[in-house]
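Inside the fold
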Amino acid sequence: MSSEKATALVLKVVEFSETSSIVTLLTREFGKVRALAKGARRPKGPFESALDLLALCRIVFLRKSSDALDLLTEAKLERRFRPPGGALSNLYAAYYVAELLNELTDDYDPHPELFDAADQALAALRTPCAVAPVLVQFELTALRVLGHLPSWTQCADCGIDVEPVGRVPFSHLAGGVLCKACRNRQKQIVSLSSGLVQTLARLSAPPPVEAPVWEARQLGELRGVLNHYWSHLLGHPPRMLRYLSGGA
Ligand SMILES: [Zn+2]
């Protein structure tokens, strides 16, 4: 059993006993960690308010070698998540970020770039921002970092270059745009505007380019694509989706 230090975002807190909780944390250093927080539910417990949902904290935990839960020994609050003026749209968007992080990452599989993208998204959502662009920026980064980014320039089936003109066929099952020859073989195709496909192709190339100023129409179109794509990747729609404005 070794003692580890990490920077962590609190993704989930579940009651374990009258006094203890099980917390799911996304750490920058170790990826997702699930740990028992003894005494967390006591009024003057050892973690005070550090284990608030979406809080950023510095933690110390004992890593168990077996299947047993890790043990959280310290949590110091660095930054609490509070939406501006109690804005529900920002709060729900932050919950949505936490849900995606929890669903998409594996225990002890660190992705510092994803952690930083989440931290940035949550920082933006603490301000009176336009929520939709913050979310799609985070989602595109998450897809890229985790290797799930759809193909925007080459046919997802046969690999040839796809010219983005007019409407471009896209298949979330195939994982990208399709050429004319392959579109007939694929089911559940949607067609995307070439402008959106071009923007996404530009955005998808690392290192990350500056976030574009999204047109409302493109943003709405992309929201629809992402909703289907997440549902396909996760096997179900994200639970928080219906609470996002224009999400469902
Ligand atoms: Zn093709």
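Heads up: these notes are all about the structure in this document. (Residues numbered from 1 in each chain as written. Predicted model: local features only at pLDDT ≥ 70, side-chain atom pairs only at ≥ 80, totals over all residues. Heavy atoms only, no water.)

Working reference: metal with six octahedral donors, ideal angles 90 or 180 degrees; metal with four tetrahedral donors, ideal angle 109.5 degrees. The coordination sphere of the zinc ion, as far as protein atoms go, consists of Cys-155 (SG), Cys-158 (SG), Cys-179 (SG) and Cys-182 (SG), spread over 2.2 to 2.3 Å. What the four donor atoms of the zinc ion show is an angle range of 102 to 115° at the metal, which sorts the shape as tetrahedral. (Donors = N, O, S within 2.8 Å, 3.2 Å for Na, K, Ca; no water. Tetrahedral: all angles 85-135°; square planar, octahedral: opposite > 155°, others 65-115°.)

Here we take up the side chain of Asp-119. Locating Asp-119 in the fold gives a position in helix α2 (residues 112–125). Engagement of the side chain of Asp-119 in a polar contact is seen with the side chain of Arg-79, the distance being 2.6 Å. When near neighbours in sequence (up to four residues on either side) are disregarded, Asp-119 contacts Leu-9, Leu-56 and Arg-79. (Helix = DSSP H or I, 4+ residues; strand = E, 2+ residues; numbered from the N terminus. Polar contact = N/O pair within 3.5 Å; in protein donor to acceptor, adjacent residues only side chain to side chain. Contact = heavy atoms within 4.5 Å.)

Our focus in this paragraph is helix α6 (residues 216–234). Across its 19 residues, α6 extends 26 Å between first and last C-alpha, which sits within 8% of the 27 Å expected from 1.5 Å per residue. All of the buried residues along α6 are Gln-218, Leu-219, Glu-221, Leu-222, Arg-223, Val-225, Leu-226, Asn-227, Tyr-229, Trp-230 and Leu-234. Lining the buried residues of α6 we find α1 (88–104), α3 (131–145), β6 (167–171), β8 (189–193) and α5 (194–204). (Expected span 1.5 Å × (residues − 1). Buried < 20%, exposed > 50% of the residue type's maximum accessible area, 1.4 Å probe, protein only.)

Along any regular strand, the residues point their side chains to alternate faces of the sheet. As defined by bridge partners, strand β3 (residues 31–37) adjoins strand β5 (residues 70–79) across two bridges and the pair is classed as parallel. When the bridges of β5 are listed, Ala-35 appears paired with Asp-70. As judged from the seven bridges shared by strand β4 (residues 56–63) and β5, these two strands associate in the antiparallel manner. Bridge pairing in β5 places Leu-62 opposite Leu-71. (Pairing = 2+ DSSP bridges.)

The next subject is unusual backbone geometry. A positive phi angle, close to 75°, is found at Leu-54, a residue other than glycine. Positioned with a positive phi, Gln-188 is a non-glycine residue whose angle comes to about 50°. Among the structural elements, Gln-188 can be located in the loop between α4 (180–183) and β8.

For the rest of this paragraph, the subject is the sheet that holds β8. Taken in spatial order, the three strands make up an open sheet running β7-β6-β8, and their pairing is antiparallel. If you trace the sheet from one side to the other, it starts and ends with β7 (176–177) and β8, each paired once. As paired strands, β6 and β7 are joined by two bridges and run antiparallel to one another. Counted as the bridge partner of Phe-170 is Val-177 from β7.

With 57 residues, the main nonpolar core has Phe-138 and Trp-214 as its most contacted residues. Those residues within four positions of Phe-138 in sequence are excluded, and the remaining contacts are Val-97, Leu-100, Leu-101, Leu-114, Ala-117, Ala-118 and Ala-121. Core analysis: the second largest hydrophobic core is formed by 18 residues, Val-23, Leu-51, Cys-57 and Ala-75 among them. (Core = buried A, V, L, I, M, F, W, Y, C linked by side-chain atoms within 4.5 Å.)

We now examine the pattern of salt bridges. Throughout the structure, instances matching the rule amount to 12 salt bridges. For Arg-144, the salt bridge goes to Glu-113, with nearest N and O atoms at 2.7 Å. Here Glu-113 lies in helix α2 and Arg-144 lies in helix α3, a separation of 31 residues in the sequence. Glu-113 gets classed as partly exposed once you look at its relative accessible area, which sits at 36%. Across the salt bridge formed by Glu-221 and Arg-167, the nearest N and O atoms sit 3.9 Å from each other. Here Arg-167 lies in strand β6 and Glu-221 lies in helix α6, a separation of 54 residues in the sequence. By sharing partners, the salt bridges in this structure join Asp-52, Arg-80 and Arg-82 into a single network. (Salt bridge = Lys/Arg side-chain N within 4 Å of Asp/Glu carboxyl O.)

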